[in-house]
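Next come the chains, spelled out residue by residue.
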Amino acid sequence: MSFEALMLPHLDAAHNLAKWLLRNEEDACDVVQEAYLRAFKSFSGFRGSNGRAWLLTIVRNTSYTLLKKNRGADLTTTFDEEIHASGDESLSPATILEHSEDTELIRQAMDELPVEFREILTLRHQEDLSYKEIADIGQIPPGTVMSRLARARAKLKECLAARISKEKRSAPFSGPDALFTLPSSPNSHLC
């Protein structure tokens, strides 16, 4: 099978992963271009059956190389529990997401997460990859994928709960339904 037939269908997935990891459109485009060039040069040695996982591994590695080079601190950004504590443990992820249809709110919450959490959430929920595919891409055991995904979901829940709680405190009160009235976006595809 040709490079174009096997790899070009995954261009959107490659760009999506790079964009979430790097948080910068121009860097994402550069990384995808570099990753496709690397994939093209190495294609003769490709013996696998999953071109998508192979390509996303190259995108991931190229993204991390750029992050290490330009923004080393981004790789070690920690999540501060005190800053992001919601104070309302009764909010479930489903409840939070039901009340937060605003894509920008989700994007902002995702941006607060460490890069490894953004990566795992993007691969699982946006690219719909299996745990095994994510393990192959991240070069980690499947058990680590599951535990990291659970921690990432919990942190995203905390970030969203904190943002929603902040919205509640800053919004003028006009009834209980007004607390969670956020504009919806047609581009919401994370959840």
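How each quantity is defined
Residues numbered from 1 in each chain as written. Predicted model: local features only at pLDDT ≥ 70, side-chain atom pairs only at ≥ 80, totals over all residues. Heavy atoms only, no water. Core = buried A, V, L, I, M, F, W, Y, C linked by side-chain atoms within 4.5 Å. Buried < 20%, exposed > 50% of the residue type's maximum accessible area, 1.4 Å probe, protein only. Helix = DSSP H or I, 4+ residues; strand = E, 2+ residues; numbered from the N terminus. Contact = heavy atoms within 4.5 Å. Axes fitted to C-alpha atoms, helices over the stretch in contact; angles between N-to-C directions. Parallel < 35°, antiparallel > 145°, perpendicular 65-115°, else oblique. Left-handed = near helix turned anticlockwise from the far one by under 90°. Nonpolar A, V, L, I, M, F, W, Y, C, P; charged D, E, K, R; others polar.

A. The nonpolar core, seen in detail. Core analysis: the biggest nonpolar cluster contains 47 residues, and L56, V59 and L121 have the highest contact counts within it. Looking at this core, the elements that each hand over two or more residues are helix 1 (3–7), helix 2 (11–22), helix 3 (25–42), helix 4 (51–70), helix 8 (103–112), helix 9 (115–126), helix 10 (131–138) and helix 11 (142–170). The element best represented in this core is helix 4, accounting for 8 residues. Ignoring any residue separated from it by four or fewer positions in sequence, one finds L121 in contact with M110, L113, Q126, L149, A152, R153 and L156.

B. Summary view of the packing of helix 2 against helix 9. Between helix 2 and helix 9, the least distance of the axes is 9 Å, while the angle of their chain directions is 155°. When the axis of helix 2 is compared with that of helix 9, the two are roughly antiparallel. Both helix 2 and helix 9 take part in a crossing whose hand is right-handed. Across the interface between the two elements, N16, L17, W20 and L21 of helix 2 pack against V115, R118, E119, T122, L123 and Q126 of helix 9. Grouping the constituent residues of the contact of helix 2 with helix 9 by class yields 5 nonpolar, 3 polar and 2 charged.

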